[in-house]
Each structure stands twice: as C-alpha cells, then as structure tokens.
Amino acid sequence: MRSLKLIDGCKGTQVYALNSASGDGGGPAAAVVTEPLLPYGLPDSDLLEPQIEPCLKFVDFTETLADVYHRIEKCPQFEKSGMRYAMDVHSKIVLASWLRYGRREDELVRIYSMDCCGTNIECPKATLVAGYNPESIYDPCICSKTPRGEFEDDTSIGYEEYSTSDDDGDMSFCIGDDEIRCIRFCCNNLKSDCDAYLASFVNEMENALLLMEHRLEENAYLLMAACLQVLLRELPNSMHSPNVMKIFCSSDARERLARVGHASFLLYSFLSHIAMEEDMKSNTIVMLLERLIECAVKSWEKQLAYHMLGVVMLEKKEYKDAQIWFEAALEFGHIYSLVGVARAKFKRGHKYSAYKLINSLISDYKPVGWMHQERSLYCVGKEKMLDLGIATELDPTLSFPYKYRAVSLLEENKIGAAISKINKIIGFKVSTDCLELWAWISIAMEDFEGALRDQWSQADCWMQLYDRWSSVDDIGSLAVVHHMLANDPGKSLLRFRQSLLLLRLNCQKAAMHSLRLARNHSTSEHEWLVYEGWILYDTGYCEEALAKAEESISIQRSFEAFFLKAYALADSSIDQESSAYVIQLLEDALRCPSDGLRKGQILHLAPDCYMNALNIKHTQAHQGLARVFHLKNQHKAAYDEMTKLIEKARNNASAYEKRSEYCDHDVA
C-alpha cells in the first residue's frame, strides 16, 4: 500500500521520534525497548511533533473557500473549469499528464505511457492541438475514432517536397518517405508544418531526450511540447533519469525551456509535487523548487513556492535556510508560514521566541486547531495539555494530540488507556504513524496477536475476516487481509478486498493502489475487466465502467461483474425503471458464486433484503434499513437503526456521520 508502508512512513519528522533501545526510563513499557521486535522503538513524547503541511493553508479557511465559490459563480461558464488555462498546448500537456499521474497508470500492466485514454481531455494527440472546448473535454477523441488510433489531421497527410532556388542550395530538403537533409526553414508556415509533423513521431523517452538536447535552441514549440509530454507521462519513473532531471533542474533549465515556451509555474508545480512524494530530502526537490520560485509571478504562487522550500529545508534539518524561506512566504502574505518560522527557531534553540510567535498568531486571528497544536510544542505540563485539548475541540481530525496523549499515558504505564486513546483517531482517520504506534502499544500489552497477526492458518483467516468484516471492524479486517496477502501476494481477490476496506477507512490513495494491483494480478480476462471497470468508476468514468462490466458479463457471468454493472447504473440513473433493473442485476449477482461478505453487501443494497442481510450478520445492513426509514419520513426509526450500527461496529466514525443526517441540528 503506497501510503501505508509502516517502516518507510516512520522516517520523517512528520511521524514521531523513537527511543533508542537503551531501556532508560524504567517500567514495563520501557522494558519492551531493550529487545525491539521492529527496527525502531517506542516513541518519546518529548520528541513528538506534527508535520508542517507543504501547501497553502489559510487562517480563515471557511471564508476563503466561500470567497472562491462566490467568484466561481460570478465568472462565465467557460472560466469555471480549471482547463480555462489550457488554451495553449503547454498547459494542456501538463494538466493531462497530471491527471494521468493522479490515477498512477504507471502501476498498471498492459498500459503504456502514450496510450490514449479515449477522451479529449487526456488524449496525447489531442493535447498537441491548441484550444479548448469545455463542452467536449470528455467526448471521444479523434484518434479513438480512427483505425489503430491513427490521428488524422493536416500535419499527417498531403506533404509535398519543399525546396528553394537559392544559389547556395542550403534550403533543399523533403519531408515524407525521403530523408530530411536540412533543418532550416524557408518560411514560417513550412516551419510550423515540419514542427507538427516531427512532433507526431515522438513517442519514446529516448527519442524525446535526444530531440530536447539538440533542438531546444531551434524554437520548435510543438516538437518540444511532444517531447515534454513523453517525459511527463513517464513520471514518476522518468524522474530517476539524470538526463531528464538535467533538462528540468539545472541552473539554466528554466531559461532554456522558457525560450521555447515550455517553462511555467504549472509545470514546476507538477514536478515538485511528484518529487516531494518520492523523497522530500533529495537535492532534486530543492532544485525543482528553486525553478518553481523563478516561475512564480502572482502573490499566491510566491507564497506556495517559498513555503514548500521552507518545508523541505526543515525536513533536511537546514533550519537557518528553512527560516529564511518561511519568512519570505510570510512576507508575501502566507500567515501559516509563521508556523514554519516558529518551528525553525525552536530547532535552533529559541523556544521562547517560537512560543511568542504562535502566541501572537492566536491573539491576532480567530483561533483554529492547528494554532493551538503548534503552541503546545513550546509548552510543558498542564499548559501543553490544555492547548492539545483546545486543538482537538476546534479540529477533531488532528491526529497529533491523540498520539501525544497516548504516548504520555504509555509513559505513565497506563497501557490500556493509551491504546484506547490511539483507537479514537484510528477509528476515523487511518495513518501510517498511528498504526505503527498502535502496534507498539499492543506489544507493550503483550498482545502479540493484535500487533503482528501471524498465528492463523488460511482457513482461520477466512473465519476471522468474516467475523471482522461483518462487525465493521475495518482495521481488524485489513490486518487479516494483510496477513493473507503475505502468504499469497498475487491473489487479486484479496487485493480487491483490501481496496474496499481502505475505501471504508477513507484511505482513497492506498485503496486505488490495491485496486490497481488486483487488476494487474488478474488471471482471467473477465476478472481483469471488472477491476478495470472499478478503476474507471472510482476515477469518474461511470459510463466506461458500465461498458467494462457488460463486456465482462459477455465473457462470463460473475458476481462482481453484475455488482459493478448495478453499482454504475444506480449511480447514473435514478428513475423507477432503472431502479427495478438495478435490483434485477443484484438478483443476477446473487445467483453467481461468491462468499457471504459480498453477498451481504448486495443484500443491503436491495431494500427488500436488508433483514436477510442482518440474518447473515452483515451489520452494515442497518445503514440500509435506516435509509428506508428516512425515505418514509420515519426519522426516529432511521436514527435508532444507525444507533444499532454504531453499537456493533468497531470502526464507527462514518456511522456517526450518517446518523447525523437523521436528527436535529444540535444533536447532529
């Protein structure tokens, strides 16, 4: 799971610092450290600190967001889309590559970087055509309508030999089947045609690098766009190539790209985003952020670029430089960067100065959770706990206060209370560091089964999974699936189960990674089509997902294919006729072989089958019954049904949220 790698996730200051295995401090908890079972040890509360987020963050978030919506509503329809800036080819290729990266298609087998997705918004051929129609971005692209995906336009047909009558003969060349003998051009139109024609052949990274290295000075805008697109669509893999990074990172990189119209804040934002995900301490990210600063023109762009570089320098423990960059962001109006200034001062030994900065921040602005969380770092004793309490009250989603309180309880040898405290945050917000801490506390409790889950046979695992899945113990279910995958890492069904659990735990990124692995490990075409369909559905392509489900059913009738078709159809149509068809599809799914886990989920989707779902201990069916009561305006019954779910579910934060829809404002 990309964002749930337990060991890798514990290497930065954003998680928590850990004791050495010296055994200092005494007590049962400290005794565990002398013979650690994992590469790290139990946490030290004095060294805990939250991560400074590498993004724009506002002290008046609600007001800022409301202002954005207000301006969007006032602007013309054409300007409402983020693609309004994609009139030029450069912006189109960057945004299309960013969308592709967001789906992490690099992790999919049988998919290549320059493959066409079938829609205008991301087609590698369509992006090389200037202009943008907001009404057709999701329409089928031209190359998807032609045989073998050939892109037919004026640049690919009807080329004739061009030549000049200069006495010197230095303008004689031809394009087409014959070799190009010269790269000089006799007129702008011919130059543009040649540029477009050559661009249509760029589809490999090696060729793109060669052309960019030798033709950056030729001012061939479209050809360079095609080369740039290949490099961007190969991300993040291309980022590990020194030749690629030389093009983007060197001191004169931005200037060279700018000369051919391909240096922008958008481009370097994309590159910096990926580099930070890969390694926040690398020299690559520093150089990219320096280029980002060079591209920054607007105030918010400077705020973001300076702040991001401050975060990276803090991570690299270059505290003086970090303070300088945070102060630069603050000077341009990014108030949140004051947190970075304070943290850098604290790291340099100026604790009281850091305290005063955050104290003034709380005095000058309406307090929010992260302000009190930050001030708690520079306090001790009751004052520290008071700030943490206020932080949780103002923003219950902040994980640091829960972690700190859990570790403090552990240091007081109150192990049961410690794990109860960390369970509060894990119940509605799963993160790597919280799971790691939960595992260590379980070890301190000598609950080795809870910490490691390594004592079950495969049959035991299925029994455990059924019990935990049915009782909405998502963390427990995930642990069982993880154990089963250790014995059978290539089983696509388990990867799919894993993705469903991660989605329920609000870990969308990790869930999509598991779903991609399920697709890659599929052993049959019909199964591959189902997982491909779920990927499309989860990324907003409902009609395409429906088509994949139908294609899978045409090959073999299966539970998952019917379920996908019913789910996609229910999402796209809500009329009575469609609802009847959805129920029919669910009944077709029930006739296909599957296990009780997914059949229970199907039963809870069909209104007349909720009680049957409860009979097979599918606890989630309470939510379906509550929905039925709500539609009948029986809000008290709906509320009571959700209460039953909350009482039975191990992970019940989403149930609390759903129950809030069935009660008055104050109770909600």
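Use the structure listed above.
Source: prediction; values computed, not measured. (Residues numbered from 1 in each chain as written. Predicted model: local features only at pLDDT ≥ 70, side-chain atom pairs only at ≥ 80, totals over all residues. Heavy atoms only, no water.)

Engineer: What's the story with the packing of aromatic side chains in this structure? I'm lost.
Structural biologist: All told, the structure shown has 18 aromatic pairs when counted by the stated rule. A centroid spacing of 5.7 Å and a plane angle of 90° characterise the contact between Trp534 and Tyr537, whose relative ring orientation is edge-to-face. Taken together, the positions of Trp534 and Tyr537, both in helix H26 (residues 525-538) and three residues apart, correspond to about one turn of that helix. As far as the burial class goes, Trp534 and Tyr537 line up, both buried. (Phe/Tyr/Trp six-rings, centres within 6.5 Å; stacked < 30°, edge-to-face > 60°. Helix = DSSP H or I, 4+ residues; strand = E, 2+ residues; numbered from the N terminus. Buried < 20%, exposed > 50% of the residue type's maximum accessible area, 1.4 Å probe, protein only.)

Engineer: Quick question: what am I supposed to make of unusual backbone geometry here?
Structural biologist: Backbone geometry follows two general trends: most residues other than glycine have a negative phi, and most peptide bonds adopt the trans configuration. With an omega of 5°, the peptide bond running from Leu235 to Pro236 counts as cis. Along the chain, Pro236 falls in the loop between helix H7 (221-233) and helix H8 (242-249). The phi dihedral of Lys317 is positive, around 65°, even though this residue is not glycine. For Lys317, the position within the fold is in the loop between helix H12 (299-315) and helix H13 (319-331). Located in the positive-phi region is Asn413, a residue other than glycine, with phi close to 65°. Exposure remark for Asn413: the relative accessible area of 41% places this residue in the partly exposed category.

Engineer: Sorry, what's going on with the environment of Glu290 here?
Structural biologist: Counting through the fold element by element, Glu290 comes out in helix H11 (residues 283-295). For Glu290, a relative accessible area of 33% gives the class partly exposed.

Engineer: What am I meant to see in the nonpolar core here?
Structural biologist: Within soluble globular proteins, side chains that are nonpolar tend to cluster in buried spots. In this structure, Leu232, Phe248, Leu267, Tyr268, Leu271, Ile422 and Ile441 are the most contacted members of the largest nonpolar core, which totals 157 residues. A total of 10 residues in this core trace back to one element, the largest contributor, which is H7. If near-sequence neighbours (up to four positions away) are discounted, Leu267 is found in contact with His90, Val94, Leu228, Leu232, Phe248, Leu257 and His262. The next biggest cluster of nonpolar side chains, apart from the first, holds nine residues, and it includes Ala638, Met642, Leu645 and Tyr662. (Core = buried A, V, L, I, M, F, W, Y, C linked by side-chain atoms within 4.5 Å. Contact = heavy atoms within 4.5 Å.)

Engineer: Would you explain the packing of H7 against H8 in this entry?
Structural biologist: The relative placement of two packed helices is expressed as an angle between their axes plus a distance between the axes. Across the interface, H7 lies against H8 with an axial gap of 12 Å and an inter-helix angle of 120°. For the element pair H7 / H8, the angle class is oblique. Two packed elements cross with a definite hand, and for H7 against H8 that hand is left-handed. Between H7, through Leu228, Leu231 and Leu232, and H8, the contact on the second element is made entirely by Val244, Ile247 and Phe248. Partitioning the contact of H7 with H8 into residue classes produces six nonpolar, no polar and no charged. (Axes fitted to C-alpha atoms, helices over the stretch in contact; angles between N-to-C directions. Parallel < 35°, antiparallel > 145°, perpendicular 65-115°, else oblique. Left-handed = near helix turned anticlockwise from the far one by under 90°. Nonpolar A, V, L, I, M, F, W, Y, C, P; charged D, E, K, R; others polar.)

Engineer: What is the right way to look at the environment of Trp98 in this model?
Structural biologist: Looking at the secondary structure, you find Trp98 in helix H4 (residues 89-102). Given a relative accessible area of 26%, Trp98 falls into the partly exposed group. In sequence terms Trp98 and His273 are 175 residues apart; their C-alpha atoms lie 9.9 Å from each other. Excluding residues that lie within four positions of it along the chain, Trp98 makes contacts with Leu266, Ser269, Phe270 and His273.

Engineer: Honestly, the packing of helix H25 (residues 508-520) against H26 in this entry has me stumped. Any pointers?
Structural biologist: With their axes 8 Å apart at the nearest point, H25 and H26 run at an angle of 155° to one another. Considering their axes alone, H25 and H26 lie roughly antiparallel with respect to each other. Considering the relative orientation of H25 and H26, their crossing is left-handed. The residues of H26 that touch H25, namely those facing Met512, Leu515, Arg516, Ala518 and Arg519, are Trp528, Tyr531, Glu532, Trp534, Ile535 and Asp538. Residues that form the contact of H25 with H26 fall into these classes: seven nonpolar, no polar and four charged.

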